[in-house]
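Architecture at a glance
So the chains spell out like this:
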Amino acid sequence: MTHFDIPGEQTLVGGQCISKDPFGKWRTVNILAARVSENAPNTEIFIHFRGFDKKWDRWTDIGHVRKLQLPRDASENADGDEEKTRRLRRLEDEQLEDSDEVELKIKNQHEQRTKIKNITHVQFGEWELETWYYSPYPERMQLDKQLYVCDMCFYYTNERKNMKAHLHGCNLSQPPGRRIYLQRGVAIYEVNGGSTNVDVKTYSQCLCLFSKLFMDNKTIYFDVEEYFFYVLCEMDKNGFAKPVGYFSKQKNEPHHNLSCLVVFPPYSRQGYGSMLIQLSYILSRRNCLVAGPEKPLSELGTASYQRYWTWAVAREIGRLENNEIINVDGLSKRLGMNLEDVQDTLERLQLTTTKEGTCTFTWARFVELTGRVVRPPKLQINPRHLDGLGRAQKRKRKRIDSLRR
């Protein structure tokens with residue numbers, strides 16, 4: 001193993017080297033930060049694998065990396081990079097003239113401040129998890145890079161003894177909201193972030209802080225008043241509703257039925273994300289809305305939604321008679337899905353050609369897809385067990401149904 005021969009920490013930051021990725025393959029990494037730890041004989045560096053998601057960023061001993069062999073024209077590139085750096089500095093010193101530039105500078109500053117994980121490990125109930133991203137927990141919680149989080153109310157501390165004391169007195173057995181779904185050991189609660197109850201608001205804020213450890217693009221942490229949180233839980237044998245994930249929805253926003261969605265790592269790949277997506281569209285249809293998630297979606301989010309859209313669109317088409325002309329606008333309204341999402345799904349599956357709002361497709365192709373591509377979700381919500389509407393909304397729904405008859 002070749003060690004770096006670099007005199008000081010500051011010269012490390014901004015440099016490159018190679019290190020083994022989580023799968024054991026050597027890859028180029030960028031050095032984002034450096035520190036001297038009392039428990040480590042060498043300097044530790046915080047590295048980002050180029051081309052990988054930020055969740056793989058990590059601290060590592062400098063002895064675990066190798067020096068990057070630069071190409072012969074590296075000096076020329078370095079000169080060019082220095083010139084770019086000087087131009088950027090001049091740009092930052094100039095007065096920004098429009099809102100787009102202000103937004104860009106704020107975004108860049110936010111990225112610089114949050115690119116290094118402040119918490120590396122979290123004890124969440126019985127699970128010890130390695131975090132993926134930065135989360136704005138108070139600085140006093142970042143001293144040991146280790147956090148303890150209650151898996152019921154999301155209370156947090158960096159002291160084990162404090163968590164033991166909290167668990168002895170925590171009396172929360174379910175999220176502090178209205179239960180809207182219960183079926184086969186899965187429960188969903190609607191939590192109002194704008195509740196006048198201080199405990200409910202604190203719960204919402206702590207939930208957002210914890211989920212940010214596993215979401216790169218989440219920006220809502222404390223201003224939760226304008227959001228509903230739909231928290232999905234597993235019911236244990238003692239009747240406790242253990243949160244496994246949630247999605248948030250902005251109030252009074254008819255075009256977006258979902259702001260952000262996260263399933264906590266111990267419960268991933270079990271179908272809970274798809275259940276939450278299903279719920280968002282069921283609530284849209286019950287409120288007679290055509291909506292979709294806020295965009296842009298993450299890579300994982302795009303894959304999850306495409307699977308759901310494929311299944312939902314194919315299921316609805318399968319209810320039509322053979323060779324029936326499909327009105328895409330009508331399909332959108334029946335599914336509660338944005339028109340563009342329906343159109344993109346049909347085009348992605350190469351099912352149709354669209355012209356003047358209508359489309360036709362080859363049923364042989366559709367039959368082939370239903371057997372090869374279309375897969376129903378692992379877990380499905382039974383709408384009969386969903387109490388997703390308040391009394392006023394139910395009366396409105398009944399009036400609309402009577403008019404449709």
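This text gives an overview of the structure that appears in the document. Values in this document were obtained by computation on a predicted structure and should not be read as measured data.

Pairing is mixed in the open sheet, where four strands are placed in the order β7-β6-β8-β9. Edge positions in the sheet fall to β7 (127-130) and β9 (156-157), since each has one partner strand and no second. Across four bridges, the pairing between strand β6 (residues 121-124) and β7 is antiparallel. By the bridge assignment for β7, histidine 121 is matched with glutamate 130.

Here we come to helix α5 (residues 272-286). Over its 15 residues, α5 runs 21 Å from end to end, which matches the ideal 21 Å to within 8%, given 1.5 Å per residue. Most of α5 is tucked away: 12 of the 15 residues are buried. A positive backbone phi angle near 60° is found at cysteine 288, which sits one or two residues after α5.

Right, let's get into the nonpolar core. In a soluble, globular protein the nonpolar side chains are often hidden away together inside. By size, the foremost hydrophobic cluster in this structure holds 73 residues, and its most contacted members are Tyr137 and Phe210. Here phenylalanine 210 is in contact with Val122, Phe124, Leu129, Tyr137, Val149, Phe154 and Phe264, once residues within four sequence places are set aside. Within the second largest apolar cluster, 11 residues are counted, among which are Cys17, Phe49, Ile62 and Val65.

This part takes up the packing of aromatic side chains. In this structure the tally under the stated criterion is 20 aromatic pairs. Consider the rings of phenylalanine 46 and tryptophan 59, whose centres lie 5.2 Å apart with planes at 65°: the pair is edge-to-face. Remark: tryptophan 59 occurs in strand β4 (residues 58-61) and phenylalanine 46 occurs in strand β3 (residues 43-49); sequence separation between them is 13 residues. The two residues phenylalanine 46 and tryptophan 59 agree in class, both being buried. Seen from their ring centres, tryptophan 127 and tyrosine 267 are 6.2 Å apart, and the 75° between their planes marks the pair as edge-to-face. Taken together, the residues tryptophan 127 in strand β7 and tyrosine 267 in the loop between β15 (260-263) and α5 connect sequence positions 140 residues apart. A residue is classified by how much of its surface remains accessible, and tryptophan 127, at 33% relative accessible area, is partly exposed. Among the aromatic side chains, those forming a connected cluster through ring pairs are Phe124, Trp132, Tyr133, Phe154, Tyr203, Phe210, Phe214 and Phe264. The residue whose ring lies beneath lysine 251 is phenylalanine 228, and the NZ or CZ to ring-centre distance is 5.0 Å.

Reading the values: rules and limits
- Residues numbered from 1 in each chain as written.
- Predicted model: local features only at pLDDT ≥ 70, side-chain atom pairs only at ≥ 80, totals over all residues.
- Heavy atoms only, no water.
- Pairing = 2+ DSSP bridges.
- Helix = DSSP H or I, 4+ residues; strand = E, 2+ residues; numbered from the N terminus.
- Expected span 1.5 Å × (residues − 1).
- Buried < 20%, exposed > 50% of the residue type's maximum accessible area, 1.4 Å probe, protein only.
- Core = buried A, V, L, I, M, F, W, Y, C linked by side-chain atoms within 4.5 Å.
- Contact = heavy atoms within 4.5 Å.
- Phe/Tyr/Trp six-rings, centres within 6.5 Å; stacked < 30°, edge-to-face > 60°.
- Lys NZ or Arg CZ within 6 Å of the ring centre and 35° of its normal.

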